[in-house]
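# Geometric and topological summary
Chain residues, written in single-letter form:
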Amino acid sequence: MPKIKIEGKYPLCGAIKINGSKNAALPILAATLLSDEVCHIDNVPPITDIFNMQNLLLETGKHSDFQKETFLTEASGELSPFASYQFTNRLRASFLVAGPLLAKTGFARVSYPGGCPIGARPVDLHLKGFEKLGACIHTENGYISLKAEKLRGNKIYLDFPSVGATENLMMAATLAKGTTVIENAAAEPEITDLANFLNNMGANVDGAGSDTVTIRGVEKLSGCSYSVIPDRIEAGTYLIAAAATGGKVTVTNVIPEHLNPVIAKLRETNVHVTVKGSSVTVEGKSSYKAIDIKTMPHPGFPTDLQAQFCAYLSGAKGTSVITETIFENRFMHIGELKRLGAKIVTEGRTAVIEGPSKLNGAQVIAGDLRGSAALVIAGMMAEGTTVLEDGGHLFRGYHRMVENLQELGAHIELLEQ
Ligand code: UD1
């Protein structure tokens, strides 16, 4: 794992163009399995999770070329509907190939997915939905096998608006016979992006972005050209980093409405945020207010920005309370923030932050993607040198983060181990 060294107390200043969304691109790449024809997908971020998905697609027989930010799938012959542990343990989103493989080939054998260690992250909601569509499910030796000659549309109620389950079931239902209605569906912008991609391929998906998604099955999906939406989590991370260092940063190439919760919460801390066209600018302050945050399904505050906000709020004046409602174990960064001098007490899914704390550089280790981003932010807030021991997690989700931060004025460097 590469290490990242940060010399703190340099405010970030400048502009940064945001990449395509990781969480939108991953299901879209999985969805290419639904068509035998060529798909041309732009604005795909060159990050580790995408390369892992590309390898997984290759294992199933779907060849592709990925240059710069363009992902081009080749026309495919017969698919091999297997996803082995070798690839699925690196990527939670690997399970998103299950729905497309099942719908396209009538069978899928997929190893239980890996990913960030932020909670149990079961796939029961995906499986319940596949059963509703008529699949037989068998679990053995860490693999889930799904079988259905032809999926049949049905009404599916999700016990929780799971992003992954909504995506998997939406993809599977595109080639089912009849109509599928997913109730209590997730409404994240990445769901809408996937639906738009599927509709470009000739699918009939309606209602994405609301809590009820209707999919009328079609016979066949074609190839298409598509461009992935900007990454709201990457944008949010840089906005929070700018505020945390008392700097001024503009993120460009964003869809500002996707950033509404983070903009609202930054403003509540009393920093200045302006929105102009597809750009958002934050101007930090040396003193800012403590606030409360509760993570929620979209359009609530995204859990993927909770850790970064936690670092930022350690410098806020007063008591902040963060409640994590989506994942049961998403406070691993807090122990490390405390090593830097943050005053945080956790109880269950609640963290109480007393600020402002004067952070001091230290050696830290994160263990997950967004927690790593939080520690980079905290390192930039701290006096002296911070070394992030497991910096490799960052590359799963952020393209050129170290270089980008250097260009914005941070004193940060990548140390090879
Ligand atoms: C996606 C995102 C991730 C984000 C999360 C929540 C991708 C690739 N990842 O993950 O970055 O943090 O949404 O916005 O898009 N659950 C179950 N059973 C299931 C499925 C989920 O209990 O079958 C639970 C999970 O354990 C978790 C909660 O539901 O506690 C939310 O999970 P989900 O929305 O499915 O997240 P992912 O799709 O895994």
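Residues numbered from 1 in each chain as written. Predicted model: local features only at pLDDT ≥ 70, side-chain atom pairs only at ≥ 80, totals over all residues. Heavy atoms only, no water.

## Topic: the overall build of the chain
Scanning the chain for helices and strands turns up 13 helices and 24 strands. Expected size for 417 residues packed as a compact globule is a radius of gyration near 22 Å; at 21 Å, the chain falls within 12% of this value. Taken along its principal axes, the extent of the C-alpha atoms in the chain is 60 × 45 × 40 Å. For the chain, buried positions account for 58% of its 417 residues. Considering only contacts in the chain between residues 6 or more positions apart, those separated by 24 or more positions represent 72%. Of the accessible surface of the chain, which amounts to about 15,700 Å², a share of 49% is contributed by carbon and sulfur atoms. Across the chain, the mean location of the 39 positive side-chain charges is 3 Å away from that of the 43 negative side-chain charges. (Helix = DSSP H or I, 4+ residues; strand = E, 2+ residues; numbered from the N terminus. Rg over C-alpha atoms; globule rule 2.2 N^0.38 Å. Buried < 20%, exposed > 50% of the residue type's maximum accessible area, 1.4 Å probe, protein only. Contact = heavy atoms within 4.5 Å. Areas by Shrake-Rupley, 256 points an atom, 1.4 Å probe, with all protein chains shown as cover. Lys, Arg positive; Asp, Glu negative; His and termini not counted. Charge placed at Lys NZ, Arg CZ, Asp CG, Glu CD.)

## Digging into the environment of Ala195
Counting through the fold element by element, Ala195 comes out in helix α7 (residues 189–200). The buried category is assigned to Ala195, whose relative accessible area is 3%. With 34 residues separating them in the primary sequence, Ala195 and Ile229 have C-alpha atoms 12 Å apart. Non-local contacts of Ala195, meaning those with residues more than four positions away in its chain, are made with Met170, Val205 and Ala208.

## Description of the packing of aromatic side chains
For the structure on display, the rule yields 7 aromatic pairs. Measuring from ring centre to ring centre gives 5.5 Å for Phe309 and Tyr312, while their planes differ by 75 degrees; the resulting arrangement is edge-to-face. Remark: Tyr312 and Phe309 occur in helix α10 (residues 306–313); sequence separation between them is 3 residues, near one turn of the helix. We note that Phe309, like Tyr312, is buried. Site record: aromatic cluster; members linked through ring pairs are Tyr288, Phe301, Phe309 and Tyr312. Positioned above the aromatic ring of Tyr143 is the side chain of Arg109, whose terminal nitrogen or guanidinium carbon lies 4.3 Å from the ring centre. (Phe/Tyr/Trp six-rings, centres within 6.5 Å; stacked < 30°, edge-to-face > 60°. Lys NZ or Arg CZ within 6 Å of the ring centre and 35° of its normal.)

## Some points on the side chain of Ser35
Within the fold, Ser35 resides in the loop between α1 (22–31) and β3 (39–42). Taking the relative accessible area as the measure of exposure, Ser35 reaches 0% and is therefore buried. Here Glu37 takes part through its backbone nitrogen, which lies 2.9 Å from a polar atom of the side chain of Ser35. In this view, Ser35 contacts Lys62, Ser76, Lys104, Met201, Leu221, Ser222 and Gly223; residues no more than four positions away in its chain are not counted. (Polar contact = N/O pair within 3.5 Å; in protein donor to acceptor, adjacent residues only side chain to side chain.)

## So, the layout of surface pockets
Its boundaries defined by the atoms lining it, the largest pocket holds a volume of some 1,000 Å³. Elements supplying a minimum of two residues to the lining of the largest pocket: α1, α5 (124–132), α6 (163–173), α8 (232–244) and α12 (369–381). Counting residues per element, the lining of the largest pocket draws most heavily on α1, at 4 residues. Looking at side-chain class alone, the lining of the largest pocket contains 21 nonpolar, 8 polar and 14 charged residues. The residue makeup of the lining of the largest pocket includes at least three contributed by each of domain 1 (3–18 + 231–415) and domain 2 (22–215). Looking at the second largest pocket, its volume works out to about 280 Å³. In this structure, the second largest pocket is lined by 18 residues; those nearest its centre are Lys9, Ala244, Ser286, Tyr288 and Met381. Across the lining of the second largest pocket, the residue classes tally to 8 nonpolar, 6 polar and 4 charged. (1 Å grid on protein atoms, 1.4 Å probe; cavity = no way out; pocket = protein on both sides within 12 Å on 5 of 7 lines; lining within 4 Å. Points joined across faces, edges and corners; volume = space filled by probe spheres on them. Nonpolar A, V, L, I, M, F, W, Y, C, P; charged D, E, K, R; others polar. Domains from an automatic or database assignment.)

## Things to note about the side chain of Asp193
Examined against the element boundaries, Asp193 turns out to sit in helix α7. The residues touching Asp193, leaving out its near neighbours within four places in the chain, are Ala24, Ile28, Tyr226, Ser227, Val228 and Ile229.

## Concerning empty space enclosed by the protein
Applying the stated criterion across every chain yields a total of 1 cavity of 30 Å³ or more. Estimates place the volume of the largest cavity at around 30 Å³. Around the largest cavity, the lining residues are Arg232, His258, Leu259, Pro261, Val262, Pro302 and Leu305. Per-class residue counts for the lining of the largest cavity are 5 nonpolar, 1 polar and 1 charged.

## A closer look at the site of the ligand
Lining the immediate surroundings of the ligand are 18 residues, of which Asp124, Leu125, Ser162, Asp304 and Ile326 lie closest. Here an oxygen atom of the ligand sits 2.7 Å away from a polar atom, N or O, in the main chain of Leu125. Val163 is positioned with one of its backbone polar atoms (N or O) 2.8 Å from an oxygen atom of the ligand. When isolated, the ligand has an accessible area of 740 Å², and the protein chains bury 86% of it. When atom positions are compared with the pocket grids, the ligand is found to occupy the largest pocket. Looking at the shell around the ligand, the elements that each hand over two or more residues are α5 and α6. Looking at the shell around the ligand, the element that brings in the most residues is α5, giving 3 residues. Each residue belonging to the shell around the ligand can be placed in one class, and the counts come to 8 nonpolar, 5 polar and 5 charged. Residue-level mapping places the shell around the ligand at the junction of two domains, with at least three residues from each of domain 1 (3–18 + 231–415) and domain 2 (22–215). (Near = heavy atom within 4 Å. Sits in = over half its atoms within 2 Å of the grid points.)

## So, the state of the cysteines
All chains considered together, the criterion is met by 0 disulfides. Distance from the sulfur of Cys39, which forms no disulfide, to the nearest cysteine sulfur (Cys224) is 5.0 Å. With relative accessibility at 0%, the residue Cys39 sits in the buried group. (Disulfide = S-S within 2.5 Å.)

## Some points on the pattern of salt bridges
Two side chains with opposite charge may pair up if their charged atoms get near one another. Across all of its chains, the model carries 13 salt bridges by this definition. Across the salt bridge formed by Lys220 and Glu37, the nearest N and O atoms sit 3.1 Å from each other. Remark: Glu37 occurs in the loop between α1 and β3 and Lys220 occurs in the loop between β13 (212–216) and β14 (225–227); sequence separation between them is 183 residues. Residue Lys220 is classed as exposed on the basis of its relative accessible area of 55%. A relative accessible area of 33% means that Glu37 is categorised as partly exposed. Between Glu183 and Lys155 there is a salt bridge, and its shortest N-O distance comes to 3.6 Å. Taken together, the residues span a long stretch of sequence, with Glu183 in strand β11 (residues 179–183) and Lys155 in strand β10 (residues 155–157) at a distance of 28 residues. (Salt bridge = Lys/Arg side-chain N within 4 Å of Asp/Glu carboxyl O.)

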